[in-house]
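One letter stands for each residue in the lines below.
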Amino acid sequence: MPIFEPEFLGFSYGFRPGRGAHDALDALAYGIERRKVNWIVDADVKAFFDRLDRSWLIRFVEHRIGDRRVIRLISKWLGAGVMEEGEWWDTLRGTPQGSSVSPILANIYLHFVLDLWFQRKWRARIARGETIIVRYADDFVVGFQYKRDAERFLCDLKDRLAAFSLELHPDKTRLIEFGRFAMANRRARGRAASRDLRLPRVHALLPDHAEGTFRTGAQADQEACHPTLKRIEAELRQRMHDNIYEVAIWLGRVVGGWLRYYAVPTSSRSLQTFGHRLKRLWLRVLRRRSQKDRLPWGKVDLLAAVFWPPLRTVHPWPDRRFAGNHPR
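Residues numbered from 1 in each chain as written. Predicted model: local features only at pLDDT ≥ 70, side-chain atom pairs only at ≥ 80, totals over all residues. Heavy atoms only, no water.

J.: An account of the packing of helix α10 (residues 268-287) against helix α11 (residues 297-307) is requested, with residue identities and associated values reported.
T.: At their nearest, the axes of α10 and α11 sit 10 Å apart, and the two run at 125° to each other. The angle between the axes of α10 and α11 places the two elements in the oblique class. For the crossing formed where α10 meets α11, the hand is right-handed. Residues His276, Lys279, Arg280, Trp282, Leu283, Leu286 and Arg287 of α10 lie in contact with α11, whose contacting residues are Trp297, Val300, Asp301, Leu303 and Ala304. Among the residues making up the contact of α10 with α11, the classes are represented as 7 nonpolar, 1 polar and 4 charged. (Axes fitted to C-alpha atoms, helices over the stretch in contact; angles between N-to-C directions. Helix = DSSP H or I, 4+ residues; strand = E, 2+ residues; numbered from the N terminus. Parallel < 35°, antiparallel > 145°, perpendicular 65-115°, else oblique. Left-handed = near helix turned anticlockwise from the far one by under 90°. Contact = heavy atoms within 4.5 Å. Nonpolar A, V, L, I, M, F, W, Y, C, P; charged D, E, K, R; others polar.)

Following this line, the structure appears as structure tokens:
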């Protein structure tokens, strides 16, 4: 929505023009490595799109839009409800799942509930040390210099969200010790070091032993791989008796799209795993074309080598790309 786009803050990503998943991860990596970040709150709002308070949302929209016809149209969108098994119902809360306007309205809601509150109150008046924040839709990561700041923020955040009918997901919200000494400190206490954050995919925090410090990288979320392979398998079954070379070309385009999103530094192992699972899946489908089909693995491996793009990293390190895109 062009009216609200100039109002959104710089650390807000997702469902905004020119601000995708890679931009969010680049900003997070740059902030973690260039700021004094020793503690991280990895937060996720529980069932955000289902529990969003519509009355608050309308009030937020009215901050910038005075045309009652637009407000009435948004109210109709919110009350559209859903159809399941031929029956219509409305929960009277949240935004309709799948609606084109839902991501925009969600950004408006969190802009007032979280972004402005953190920027103008928490960061400016309460925090004692340095802080960073990156939000992608309803997932956000906040970094702190001091542990007491992180603990107080987590407590205040719960109260803030509760005032707007929201709550943090208990299983996906964590307070993580982070930094160049974090892994050694956790091992000394007999605890495993946490190595990942979740934004639009797993963001792994990996130490760089060669430099004696740490670097941030990323890798594919294994939970996202399984449903993707399921959808590919369903399509392969539809194409079971098509020309094998045409299917290989189609799969090459699928792999290319996967690489453009997931082929980031430190992800080579997950990329190889995805490619191997995809070839096994394709081979299994091809062998079901007839009871006598005994297509060898080498045939599928050769087709993949010819028609698929190489399974290798195609993106630069996140902090370097962010510094290049934001030279100031």
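J.: Could you give an account of the sheet that holds strand β7 (residues 174-177), with specific residues and numbers?
T.: Strands sit in the order β1-β5-β6-β2-β7 across an open sheet of 5 strands; the sheet is mixed. Strands at the two margins of the open sheet, each flanked by one partner only, are β1 (12-13) and β7. Alignment of strand β2 (residues 39-44) against β7, held across 4 bridges, turns out to be antiparallel. Counterpart to Val41 in the pairing with β7 is Leu175. On top of the sheet, helix α1 (residues 21-34) reaches β1, β2, β5 (131-136) and β6 (139-144); it is set at about 170° to β5, its chief contact. (Pairing = 2+ DSSP bridges.)

J.: Hey, could you go over the side chain of Asp26 for me, with residue numbers and the actual values?
T.: Inspection of the secondary structure assignment puts Asp26 in helix α1. The exposure class of Asp26 is buried, given its relative accessible area of 2%. For Asp26, the contacting residues outside a window of four places in its chain are Pro318, Arg321 and Phe322. (Buried < 20%, exposed > 50% of the residue type's maximum accessible area, 1.4 Å probe, protein only.)

J.: Which residues make up the packing of helix α9 (residues 244-262) against α11, and what values do they have?
T.: For the pair α9 and α11, interaxial distance at closest approach is 9 Å and the crossing angle is 55°. Viewed along their axes, α9 and α11 adopt a mutual orientation that is oblique. Of the two possible hands of crossing, α9 and α11 adopt the one that is right-handed. Contacts between α9 and α11 involve Ile244, Tyr245, Ala248, Ile249 and Gly252 from the first element and Lys299, Leu303 and Phe307 from the second.

J.: Give me the packing of aromatic side chains: which residues, what numbers.
T.: Scanning the entire structure with this criterion turns up 20 aromatic pairs. Ring centres of Phe15 and Tyr136 lie 6.4 Å apart, and the angle between their planes is 40°; this geometry places the pair in the tilted category. Linking Phe15 in the loop between β1 and α1 with Tyr136 in strand β5, this pair joins segments that are 121 residues apart in sequence. Ring centres of Phe60 and Phe112 lie 4.9 Å apart, and the angle between their planes is 10°; on these two criteria the pair is classed as stacked. (Phe/Tyr/Trp six-rings, centres within 6.5 Å; stacked < 30°, edge-to-face > 60°.)

J.: Just give me the short version of the pattern of salt bridges, but keep the residues and values in it.
T.: For the coordinates displayed, the defined rule picks out 14 salt bridges. We note a salt bridge from Arg174 to Asp42, for which the minimum N-O separation is 2.7 Å. With Arg174 in strand β7 and Asp42 in strand β2, this residue pair connects regions lying 132 residues apart in the sequence. Arg174 gets classed as partly exposed once you look at its relative accessible area, which sits at 26%. Close ionic contact of Arg284 with Glu233 constitutes a salt bridge, the shortest N to O distance being 4.0 Å. Remark: Glu233 occurs in helix α8 (residues 222-238) and Arg284 occurs in helix α10; sequence separation between them is 51 residues. (Salt bridge = Lys/Arg side-chain N within 4 Å of Asp/Glu carboxyl O.)

J.: If you had to explain the layout of surface pockets to someone new, which residues and values would you point to?
T.: Where empty space is left can be seen by rolling a probe of water-molecule size over the atoms. For the largest pocket, the calculated volume is near 390 Å³. In this structure, the largest pocket is lined by 17 residues; those nearest its centre are Phe11, Ala27, Ile132, Ile133 and Phe322. Where the lining of the largest pocket is concerned, the elements lending two or more residues are α1, α5 (102-126) and β5. In terms of residue count, the dominant contributor to the lining of the largest pocket is β5 (4 residues). Looking at side-chain class alone, the lining of the largest pocket contains 9 nonpolar, 5 polar and 3 charged residues. (1 Å grid on protein atoms, 1.4 Å probe; cavity = no way out; pocket = protein on both sides within 12 Å on 5 of 7 lines; lining within 4 Å. Points joined across faces, edges and corners; volume = space filled by probe spheres on them.)

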